[in-house]
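If you want the building blocks of each chain, they are given just below.
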Amino acid sequence: MQDPGVLSRIGELVDQDKQLRTSDGRSPPVKQDVERLEISIELDQCWDLLNQRRALREFGSDPGQARIRDEDTVEHYEQ
């Protein structure tokens, strides 16, 4: 996925998260929590992919080598 595609997906996920936060209880709270967790994980994966692509490009490597990392990897980064 190219940078614009990753950024577009990030925007979509942020919009989905906003909709869930303002859904006025249309879905059961547990379902909303699960959906928000899934969105959060995918957002972390997208940001990680974008950061990988930028780092590869900055150091003269092919950004196409960047790969989406698994949930366990991106969820356990030190902040």
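Please refer to the structure placed before this passage.
Residues numbered from 1 in each chain as written. Predicted model: local features only at pLDDT ≥ 70, side-chain atom pairs only at ≥ 80, totals over all residues. Heavy atoms only, no water.

### Concerning the pattern of salt bridges
Put simply, the rule is: A side-chain nitrogen of Lys or Arg and a carboxyl oxygen of Asp or Glu constitute a salt bridge if their distance falls within 4 Å. Runs of E in the DSSP output that reach at least two residues are strands. Runs of H or I that reach at least four are helices, and both are numbered from the N terminus. Relative accessible area decides the class of each residue, using a 1.4 Å probe on protein chains only: under 20% of the type maximum gives buried, over 50% gives exposed, and in between gives partly exposed.
Scanning the entire structure with this criterion turns up eight salt bridges. With a closest N to O distance of 3.0 Å, R57 and D3 form a salt bridge. Of this pair, R57 sits in helix α2 (residues 29–58) while D3 sits in helix α1 (residues 3–21), and the two are 54 residues apart along the sequence. A relative accessible area of 39% places R57 in the partly exposed class. D48 is paired through a salt bridge with R69; the nearest N and O atoms lie 3.0 Å apart. With D48 in helix α2 and R69 in the loop between α2 and α3 (71–75), this pair connects stretches of sequence that are 21 residues apart. The class of D48 is buried, set by a relative accessible area of 8%.

### Description of α2
Since one α-helical turn is 3.6 residues long, residues separated by three or four positions face the same way. Quick reminder of the rule: Expected helix span is given by 1.5 Å per residue-to-residue step, counting one fewer step than there are residues. The contact rule is simple, with two residues in contact once any of their heavy atoms fall within 4.5 Å.
A rise of 1.5 Å per residue sets the reference length of α2, with its 30 residues, at 44 Å; its end C-alpha atoms lie 43 Å apart and thus fit the reference within 8%. Of all the residues in α2, the buried ones are Q32, I39, I41, L43, Q45, C46, D48, L49, L50, Q52 and R53. Buried-residue contacts for α2 involve α1 and α3. A positive backbone phi angle near 80° is found at G60, which sits one or two residues after α2.

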